[in-house]
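What the coordinates show
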Amino acid sequence: AAAELLTLAQVKGDLTWPTLSADGMRLAFVSDSAGNGDLFLWSQQTNQVESTFTSPFAEASPRFSPDRTMLAFTRKNKGTEDLFLWLGPGSEPTMLRGGNGDQTRPVWSGEEIVYFSDERGEMHWDIVVTDKAGSERRILAREVRLPMRAGPAITPSGRAVVYTMSDPERADRLMITT
């Protein structure tokens, strides 16, 4: 049966985008308690919730790095969604990719971040990978179908991504790119 993990006494607002660290000891999520949607962390060890940072923009889709030291996430900013990296308490988030179209739903594959992007124009979604510095960027697949609220599907080895195509003539199959 389902059990309540966090209570209203620990954090207020609507809670979305939960993600667990690889060891299951930390949970990152978004709460709209301050207005737009800010990132919070919960520790299983202490059962405490901490605010990571606040901004006037809405954050979404946090994902822990494999070593649990960083969070990749997105932020709605002036009509677009940009990709950010947060190095942990005491640091400010750094924008990795943004400014043109949406960069959304990041997932980690080793030291790289895989995400959806429509930088080429609205409704032209690609799967893109960048390094954690945001300096290297390559498109893995073009014209993919953006799934409902899911990030790119990465194989357990982290060596391939699985996706579907937006072209109706090719929408009846799953594609894999290494």
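Summary of the structure given here.

Cut-offs used in this document
Residues numbered from 1 in each chain as written. Predicted model: local features only at pLDDT ≥ 70, side-chain atom pairs only at ≥ 80, totals over all residues. Heavy atoms only, no water. Core = buried A, V, L, I, M, F, W, Y, C linked by side-chain atoms within 4.5 Å. Buried < 20%, exposed > 50% of the residue type's maximum accessible area, 1.4 Å probe, protein only. Helix = DSSP H or I, 4+ residues; strand = E, 2+ residues; numbered from the N terminus. Contact = heavy atoms within 4.5 Å. Phe/Tyr/Trp six-rings, centres within 6.5 Å; stacked < 30°, edge-to-face > 60°. Lys NZ or Arg CZ within 6 Å of the ring centre and 35° of its normal. Pairing = 2+ DSSP bridges. Salt bridge = Lys/Arg side-chain N within 4 Å of Asp/Glu carboxyl O.

**Details of the nonpolar core**
Among the nonpolar cores identified, the biggest contains twelve residues, and these are Trp17, Ala28, Val30, Leu39, Leu41, Phe53, Ala60, Phe64, Leu71, Phe73, Phe84 and Trp86. At the level of elements, strand E2 (26–31), strand E3 (38–43), strand E5 (59–64), strand E6 (71–77) and strand E7 (80–86) are the ones that each hand at least two residues to this core. Those residues in contact with Trp17 that lie beyond four places of it in its chain are Ala28, Phe29, Val30, Ala60, Ser61, Pro62, Arg105 and Arg149. Core analysis: the second largest hydrophobic core is formed by eleven residues, Phe116, Ile127, Ala141 and Val161 among them.

**Quick word on the packing of aromatic side chains**
Here the structure, examined in full by the defined rule, presents two aromatic pairs. Here Phe29 and Phe40 contribute two aromatic rings whose centre-to-centre distance is 5.8 Å and whose plane-to-plane angle is 15°, an arrangement assigned as stacked. Highlighted residues: Phe29 in strand E2 and Phe40 in strand E3, separated in sequence by eleven residues. Between Phe73 and Phe84, the aromatic rings sit 5.6 Å apart at their centres with planes inclined by 20°, giving stacked as the arrangement. Of the two residues, Phe73 sits in strand E6 while Phe84 sits in strand E7, which places them eleven residues apart along the sequence. Neither Phe73 nor Phe84 differs from the other in exposure class; each is buried. In this arrangement the basic side chain of Arg75 is found over the ring face of Phe84, its NZ or CZ atom lying 4.5 Å from the centre.

**Some words on the pairing of strand E9 (residues 103–109)**
Within a regular strand, side chains alternate between the sheet's two faces. By the criterion of burial, E9 is predominantly enclosed, with seven of the seven residues buried. Where E9 lies against strand E10 (residues 112–117), five bridges are found, and the strand directions are antiparallel. Note on E10: the bridge partner recorded for Thr104 is Phe116. Between E9 and E10, which pair antiparallel one after the other, the connecting turn spans two residues, and Gly110 there sits at a positive phi close to 65°.

**A few points about the pattern of salt bridges**
Using the criterion set out here, one finds nine salt bridges in the structure. A salt bridge links Arg68 to Asp23, with the shortest nitrogen-to-oxygen separation between them at 2.9 Å. Note that Arg68 is positioned in the loop between E5 and E6 and Asp23 in the loop between strand E1 (15–20) and E2, a separation of 45 residues in sequence. Judged by relative accessible area, Asp23 falls into the partly exposed class, the value being 37%. Of the charged contacts, one joins Glu112 and Arg138 as a salt bridge, the two residues approaching to 3.2 Å between their closest N and O atoms. Taken together, the residues Glu112 in strand E10 and Arg138 in strand E12 (residues 137–141) connect sequence positions 26 residues apart. We classify Glu112 as partly exposed; its relative accessible area is 26%. Arg138 gets classed as partly exposed once you look at its relative accessible area, which sits at 43%. Each of the salt bridges in this network shares a partner with another, and the network as a whole consists of Lys76, Glu81 and Asp102.

Read these as spatial facts, not as claims about activity.
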